[in-house]
Structures are given as structure tokens and as C-alpha cells.
Amino acid sequence: MTPPESQGTRDRAGPEGSPAVSLCVLRKRADFLKAASARRQGTDGFLLQARDRADGEATVRLGFTASKKIGNAVARNRAKRRLRALAREVLGPAARPGWDYVLVARPGATVTRSYADLRADMERALRSVHRG
């Protein structure tokens with residue numbers, strides 16, 4: 001058992017290779033709508049929407065959407081969990097400061113597609129969105 005003085009004092013710096021920018025989750029509908037009207041790149045597994053806020057802040061904001069077309073609550077939650085894991089792994093280090101990203105789940109594909117394919121889709125979509 002660990003001594004009480006060392007409990008809860010975990011280093012919060014994050015793992016090596018973690019992004020230098022801070023990640024934040026989008027909560028307001030207006031932010032989702034602004035991202036929807038900006039750059040988008042569709043893949044077989046999901047749709048990536050990205051927008052440069054141009055506000056000078058270094059934070060990267062993320063949003064996740066899974067409509068009822070995905071299925072019941074279990075399927076929607078599974079799709080969002082997979083997208084969150086993908087965003088942490090791929091989008092975290094590759095995201096540009098001052099950008100908003102929204103990942104939209106696709107019916108059937110987001111839940112059933114292999115994780116390796118989703119990862120390749122994300123890398124391809126990011127290159128495409130940041131190219132323009």
C-alpha cells in the first residue's frame with residue numbers, strides 16, 4: 001500500500017510525446033455549426049470537419065457527433081468512444097493550435113471498421129484538411 005502523503009500526487013504532465021497544445025471539448029452548438037461550414041473531409045469511417053478559429057489561442061478544441069442514424073445508444077456511445085481514442089492517438093500530436101475539429105460518426109462504418117483503417121483514414125483526412 002502506498003503512503004497517504006503520496007496518494008493523489010500523480011504527475012499530470014502527461015506521457016512523452018503528448019501534444020504541446022491543450023485539448024478542449026466543444027460543448028456549444030454554435031461551435032459545431034461553425035465547424036460544419038468550414039473545411040471537411042469524408043472518409044469511409046467518419047467525417048472530419050476542421051476550422052481555423054484565427055483567435056490567437058493555442059488551444060485545440062474537439063467535438064464528437066453520432067446521430068441516431070448510427071443506431072441505439074450503445075452503438076452511438078461505442079462510435080464516440082472509438083472516435084475519442086482515435087483523436088487522442090492521432091489528432092492530439094498532429095493538431096494545429098487554434099483549430100476546431102469535429103469528428104462525425106458514419107452509420108455502420110465507425111463501429112465496424114477496423115481501428116487500423118480508422119487510423120489511416122484520420123491521417124489522410126488531416127493531410128487533406130490542412131493542405132487547403
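Look a little higher up for the structure.
Parameters and conventions
- Every chain's residues receive numbers from 1 upward, in the order its sequence appears when written.
- Two thresholds apply to this predicted model, a pLDDT of at least 70 for residue-level local features and 80 or more for giving and counting side-chain atom pairs, whereas whole-chain, interface and lining totals are computed over all residues.
- With hydrogens and water set aside, each side-chain value is computed from the structure's full complement of heavy atoms.
- Three labels apply to residues, based on accessible area from a 1.4 Å probe with only protein chains included: buried if under 20% of the type maximum, exposed if over 50%, partly exposed otherwise in between.
- Numbering of helices and strands runs from the N terminus, with a helix taken as a DSSP run of H or I at least four residues long and a strand as a DSSP run of E at least two residues long.
- Pairing between strands requires that DSSP locate at least two bridges from one strand to the other.

Colleague: I'd like a rundown of the pairing of strand β4 (residues 60–65), residues and numbers included.
Modeller: Within β4, 5 of the 6 residues are buried, which leaves the element mostly enclosed by the surrounding structure. With 3 bridges connecting them, strand β1 (residues 23–25) and β4 associate as parallel partners. Bridge pairing links Val 25 to Leu 62 in β4. For β4 and strand β5 (residues 99–105), the ladder comprises 5 bridges, and the chain directions are parallel. Note on β5: the bridge partner recorded for Phe 64 is Leu 103.

Colleague: Just give me the short version of the environment of Gly 98, but keep the residues and values in it.
Modeller: With respect to the secondary-structure elements, Gly 98 resides in the loop between α2 (73–94) and β5. Accessibility expressed as a relative area gives 4% for Gly 98, which makes it buried. Placed 39 residues apart in sequence, Gly 98 and Thr 59 show a C-alpha to C-alpha distance of 5.5 Å.

Colleague: Before we move on, can you summarise the pairing of strand β3 (residues 46–52) with the specific residues and values?
Modeller: For β3, the buried fraction is high: 6 of the 7 residues fall into the buried class. Bridge analysis of strand β2 (residues 39–42) against β3 gives 4 bridges, and the strand direction is antiparallel. What sits directly across from Gln 41, in β3, is Leu 48. Connecting β2 to the antiparallel partner β3 that follows it, the hairpin turn spans 3 residues. Bridge count for β3 against β5 is 7 bridges, and the pairing is antiparallel. Bridge assignment links Gln 49 to a residue of β5, and that residue is Val 102.

Function-wise, these values are silent; they only describe arrangement.
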